[in-house]
Structure formats: structure tokens, C-alpha cells
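# Residue-level structure breakdown
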Amino acid sequence: MKLRPTETELIGRWQIANDRVRADATGERIEWLTTNWLEKIATSKDSGGWETLFRDPGDGRYWERTYPMSEMHGGGPPSLFALSVEKAHAKYGFTERASSNDP
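Here we summarise the structure given alongside this text.

What follows concerns the sheet that holds strand β6 (residues 62–66). Ordered by their spatial adjacency, five strands build an open sheet running β1-β7-β6-β5-β4, and the pairing between neighbours is antiparallel. Each end of this open sheet is capped by a strand with a single partner; those strands are β1 (9–11) and β4 (39–43). Taken over all neighbouring pairs, the strand axes of this sheet differ in orientation by 25° on average, direction set aside. Pairing analysis gives five bridges linking β6 to strand β7 (residues 79–83), with the strands arranged antiparallel. Bridging from a neighbouring strand, R65 pairs with L80 of β7. In this fold helix α1 (residues 25–37) packs onto β1, β4, β5 (52–55), β6 and β7, with an angle of close to 125° to the strand it touches most, β1. Against the sheet, helix α2 (residues 85–92) contacts β4, β5, β6 and β7, and its axis sits at roughly 50° relative to β6.

This next bit is on the environment of P78. Assignment of secondary structure puts P78 in the loop between β6 and β7. The spacing of P78 and W50 is 28 residues in sequence and 9.7 Å in space, taken between C-alpha atoms.

So, how was this worked out
- Residues numbered from 1 in each chain as written.
- Predicted model: local features only at pLDDT ≥ 70, side-chain atom pairs only at ≥ 80, totals over all residues.
- Heavy atoms only, no water.
- Pairing = 2+ DSSP bridges.
- Helix = DSSP H or I, 4+ residues; strand = E, 2+ residues; numbered from the N terminus.
- Axes fitted to C-alpha atoms, helices over the stretch in contact; angles between N-to-C directions.
- Contact = heavy atoms within 4.5 Å.

The structure is reproduced here in C-alpha cells:
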């Protein structure tokens, strides 16, 4: 499912089933979005590659994928947070022009 205009964050969780750890539905959705829908713009050099900026081609909003539970193996489950154009440009320093439908 694509991102809804009212959404500003998606926070994945791990689930344990049959002695295996796997992503919950939100984590699976984040994986689908970052693989199939969102456009990858940049990766943060300061984070060692653990933070990535994406753009939603549907509405032009910027989204940052992070792994906020760094104490867990692999950084833990992923999260997606909406970023303003200004924050996206300031943090990632890319030169892509903002479109007229950017927030």
C-alpha cells in the first residue's frame, strides 16, 4: 500500500514466530515501499549508510528510512519518517530541485 497523505511516520517492529524473528506488517510495508514505490535520493554519509532519503513520486514528499534501534542486530526494524524539503536538503545536501507540489 502506498503512503497516505495523512501519514508522517511508519515504525516497524520485530515479531517472533516459530522461533524466528521477522518484520511485522509495518516493517514489510516499509520494505515494499522502499523497494517498489519510493525513489531513492541519497544516503547519509554521516550515518554510515544507516539513513536513506526517499521521495514519494505520488505527492513529492521526502521520507527518511532509519534503523533507530541501533543496539539490535542489523540496526533493528526500519522506520520511515516524513521530512520537510528544507530538512531533506540540509541533511542530505543533494541538489535536486523541489517541485511545486513539495510540502
